[in-house]
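Examining the three-dimensional arrangement
Next come the chains, spelled out residue by residue.
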Amino acid sequence: MQRSQTISTQNQGKATGGNRKPVQMQTGEGRSGNLPVLRQESSLQEIRRLAKANPDMVFTSLAHRIDPYQLEESFKAIRKSQASGVDEVTAKEYAVNLDANLYDLHKRLSSGQYVAQSVRRVWIDKEGGKKRPIGILALEDKIVQKAVERILNIVFEVNFYDFSYGFRSGYSAHMAIREIRQACMGMNINWIVDADVSGYFDNIEHALLKEFVKRRVNDGGIIRLIGKWLNAGVMEKGIVSYAETGTPQGGVISPVLANIFLHYVLDEWFMKEVRPRMTERCFLVRYADDFIVGFERESDARRFMAVLPKRFERYKLTIHPEKTKLVDFRKPVKSSKGTQGGTFNFLGFTHYWGKSRKGWLVVKRKTMSKRASGFLKRVWLWCCTERHKPVREQYQELSQKLRGHYQYYGVNGNFRSMKKVRWRCEWIWRYWLSRRSNKGGLCWDKFKGSILSKMELPRVRIVHGDV
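One structure accompanies this document, and this report is about it. Residue indices begin from 1 for each chain and proceed along its sequence in written order. Given that the model is predicted, a residue must reach a pLDDT of at least 70 before its local features are reported, and side-chain atom pairs must reach 80 or more before they are shown or counted; all residues, however, enter totals for whole chains, interfaces and linings. Note that water and hydrogens are dropped before the side-chain values are worked out from all heavy atoms of the structure.

Digging into the sheet that holds strand S8 (residues 282-287)
Any two strands are treated as partners once DSSP identifies two or more bridges connecting them. Helix and strand labels come from DSSP, where a helix needs a run of H or I of at least four residues and a strand needs a run of E of at least two; each type is numbered from the N terminus. Reading across the sheet, the four strands line up as S8-S9-S5-S10 and stay open at both edges, with antiparallel pairing between neighbours. Edge positions in the open sheet fall to S8 and strand S10 (325-328), since each of these has one partner strand only. Looking at each pair of strands side by side, their axes are set apart by 20° on average, direction ignored. Relative to strand S9 (residues 290-295), S8 runs antiparallel, the two sharing six bridges. Considered in S9, the bridge of phenylalanine 283 is made with glycine 294. Contact definition: two residues touch when any of their heavy atoms are within 4.5 Å. Angles run from 0 to 180 degrees between N-to-C directions of axes, and those axes are lines fitted to C-alpha atoms, restricted for helices to the stretch in contact. Running over the sheet, helix H6 (residues 173-186) touches strand S5 (191-195), S8 and S9 and is turned about 165° from S8.

And the structure:
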């Protein structure tokens, strides 16, 4: 039985919550020390200590921890982009009188006058000519969500499993792909279940989500805040629509809520019910809603494939029947057609069996062809639209794009794929530079002698040598 405990004896009010425009102060006011609470030591350390010491504890009094100091820390931590939400308030405007604005926000949280505003929806281009919706929150909603997100992460971190790598401090996508490589080679994994959850973030059941949160955080103030954000609606072209399922689109709070939901739907189920019933070794690696399950024996993999859709259906989620597949990932054998072996994609990489320099069969990774072609298409469009900029300026921006590509895809065994991308970038750059005028094209020899010799694009490098 879980224990319920209040971690504070002093309740400062319920953190539920109308957003307002930033407070306008007279000259001479602002960050003058009129809010000493902003200088106090963070109170999250006590929550962290209790959560670690009592993994089954249910926290019932956390909302009052969202004080002006925590709000200021949250403001510092959020991304301060130029885009503004429906409140049309930017972080720069809000920071002019930050103390007073946060004090006013805290008063509204404590008195129950805080109201979550609708999320402004914009659309950005996606691979394949499709569009992807992006949600932009009002600034104060970002601040409060960040404060709650920090609390939830501290409480649930002790419960999350080490194979969950998405949106967690100290975890990364590269750690996930390293885990897959080590597990496949160390456990003699022969079969991979490559699963896909259809529209995960848009189909999370609100009632189930709040029930999962209550298993560790049964605080009325926190639950009401989450409810406000879940029901805030989305504004597009001046029209607000409300969804009965899904987490706040683009919300700061969405990643941790999604992790909590899948922790109970998938992670705990796998560890407590699936793995003990398998006849041979298996593993699970998850990054947000993307996950890979490996099995040593085919019969275990097929049993798992049969029950996986039923498990997710129980929690109102759908496993995509066409995108979810069983991959034969046994070590390749030589045949008349050459070396054969299955492949699967995860986190932008294609995983496959290949030979190391010493001749051993190892799991290798290369950039997914879809990701590489998508990057090159973006470079093509950029070079086309920016070709009349000074060549030195083009070189600096194109170099920055390539370094960003290397920063993620620079893993062992992926040198050849990245080298091909670099060569294609050179070709694209030369192609559009040669069309800056009607005086004739820019041949390769002239391009190399006059431009590349002075402005060589960044060379391919392995950034993550231990992955």
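What to know about a positive patch on the surface
Excluding any residue in a salt bridge, patches collect residues exceeding 30% relative accessible area, merging like charges within 9 Å and nonpolar Val, Leu, Ile, Met, Phe, Trp and Tyr side chains within 5 Å. Areas reported as accessible are Shrake-Rupley estimates using a 1.4 Å probe. Residue values count occlusion only from the protein chains shown. Salt bridges, as used here, are contacts in which a Lys or Arg side-chain nitrogen is within 4 Å of a carboxyl oxygen on Asp or Glu. None of His or the chain ends enter the tally, which takes Lys and Arg as positive and Asp and Glu as negative. Charged groups are reduced to one reference atom each: NZ for lysine, CZ for arginine, CG for aspartic acid, CD for glutamic acid. A cluster of basic residues, Lys130, Lys323, Lys370, Arg371, Arg378 and Lys401, forms a positive patch on the protein surface. Examining the composition of the positive patch, we find that three residues originate from one element, helix H11 (residues 369-385), more than from any other. Within the element layout of this structure, lysine 401 appears in helix H12 (residues 391-409). Take lysine 401: its relative accessible area is 31%, and that puts it in the partly exposed class. Each residue's exposure class comes from its accessible area (1.4 Å probe, protein chains only) as a fraction of the maximum for that residue type: buried when under 20%, exposed when over 50%, partly exposed otherwise.

Focus on the layout of surface pockets
Cavities and pockets were defined on a 1 Å grid built from protein atoms only: a cavity is a group of points that admits a 1.4 Å probe but offers it no way out, a pocket is an open group of points flanked by protein on both sides within 12 Å along at least five of seven lines, and a lining residue is one with an atom within 4 Å of any such point. Grid points are joined across faces, edges and corners, and a volume is the space filled by probe spheres set on the points. In this structure, the second largest pocket encloses a volume near 540 Å³. Lining the second largest pocket we find 17 residues, and of these Lys364, Asn412, Gly413, Asn414 and Phe415 sit closest to its centre. Looking at the lining of the second largest pocket, the elements that each hand over two or more residues are strand S14 (349-355), strand S15 (361-367) and helix H13 (415-433). Considering each element in turn, the lining of the second largest pocket owes the most residues, five residues, to S15. In this classification, the charged set is Asp, Glu, Lys and Arg, the nonpolar set is Ala, Val, Leu, Ile, Met, Phe, Trp, Tyr, Cys and Pro, and all remaining amino acids, among them Gly, are polar. Class assignment for the residues of the lining of the second largest pocket results in five nonpolar, five polar and seven charged.

Regarding the side chain of asparagine 101
Locating asparagine 101 in the fold gives a position in helix H4 (residues 98-111). Only 3.0 Å separates the side chain of asparagine 101 from the backbone oxygen of asparagine 97, close enough to count as a polar contact. Here a polar contact is taken to be a pair of N or O atoms separated by no more than 3.5 Å, where protein atoms must pair a possible hydrogen donor with a possible acceptor and residues adjacent in sequence count only if both atoms sit in side chains.

What to know about the pattern of salt bridges
According to the stated counting rule, one finds 22 salt bridges in the structure shown. Taking the shortest distance from any N to any O, the salt bridge between arginine 168 and glutamate 157 comes out at 2.4 Å. Pair noted here: arginine 168 is in the loop between helix H5 (139-157) and H6 and glutamate 157 is in helix H5, with a separation of eleven residues, a long-range link. When its relative accessible area of 6% is taken as the criterion, arginine 168 is described as buried. Using a relative accessible area of 28% as the deciding quantity, one classes glutamate 157 as partly exposed. With a shortest N-O distance of 3.0 Å, arginine 178 and aspartate 466 are connected by a salt bridge. With arginine 178 in helix H6 and aspartate 466 in the segment after helix H14 (444-452), the pair connects residues that are 288 residues apart, well separated along the chain. With a relative accessible area of 24%, arginine 178 lands in the partly exposed category.

Let's talk about helix H1 (residues 44-53)
Listing the buried residues of H1 in full gives Leu44, Ile47, Leu50 and Ala51. Buried residues of H1 fall within an arc of 125° about the axis and therefore sit on the same side. Summarising the geometry of H1, the exposed residues directed more than 90 degrees from the buried face are Arg49, Lys52 and Ala53. Each direction from the helix axis to a C-beta atom contributes to the arc, which is the arc of those directions.

A short note on the nonpolar core
Core analysis: the largest hydrophobic core is formed by 78 residues, its most contacted members being Leu152, Phe291 and Phe312. Top contributing element to this core by residue count: helix H9 (residues 254-274), with 13 residues. If we ignore the near neighbours within four places in the chain, the residues touching phenylalanine 291 are Val193, Ala195, Val197, Leu266, Leu284, Val285, Arg286, Leu308, Phe312, Ile319 and Phe346. Within this scheme, the nonpolar core is defined by two criteria: the residues are buried Ala, Val, Leu, Ile, Met, Phe, Trp, Tyr or Cys, and they are joined through side-chain atoms within 4.5 Å. Counting residues in hydrophobic clusters, the runner-up holds 48 residues, among them Cys184, Ile192, Leu452 and Met455.

Thoughts on the packing of H1 against H5
Close contact between H1 and H5 brings their axes to 8 Å; oriented N to C, the two are set at 25°. Overall, the two elements H1 and H5 adopt an arrangement that is roughly parallel. Between H1 and H5 the crossing geometry is right-handed. Between H1 and H5, the contacting residues are Leu44, Ile47, Arg48 and Ala51 on the first element and Arg150, Ile151, Ile154 and Val155 on the second. For the contact of H1 with H5, the residue count by class is six nonpolar, no polar and two charged. The labels follow the angle: roughly parallel below 35 degrees, roughly antiparallel above 145, roughly perpendicular from 65 to 115, and oblique for the rest. A crossing counts as left-handed when the near helix is turned anticlockwise from the far one by less than a right angle, and as right-handed when that turn is clockwise.

Things to note about the packing of aromatic side chains
Ring geometry is summarised as follows: Phe, Tyr and Trp rings, the Trp one being its six-membered ring, pair when their centres sit within 6.5 Å, and such pairs are stacked at plane angles under 30 degrees, edge-to-face over 60 and tilted between the two. Under the criterion given, the structure shown has 26 aromatic pairs. Measuring from ring centre to ring centre gives 5.7 Å for tyrosine 165 and tyrosine 171, while their planes differ by 65°; the resulting arrangement is edge-to-face. By relative accessible area, which is 6% here, tyrosine 165 ends up buried. One aromatic cluster is present, formed by Tyr200, Phe201, Phe212, Phe261, Tyr264 and Tyr315 through successive ring pairs. Either the NZ atom of lysine or the CZ atom of arginine qualifies as a charge over a ring when it sits within 6 Å of the ring centre and within 35 degrees of the ring normal. The cationic tip of arginine 424 hangs over the ring face of tryptophan 427; the distance from NZ or CZ to the ring centre is 5.0 Å.

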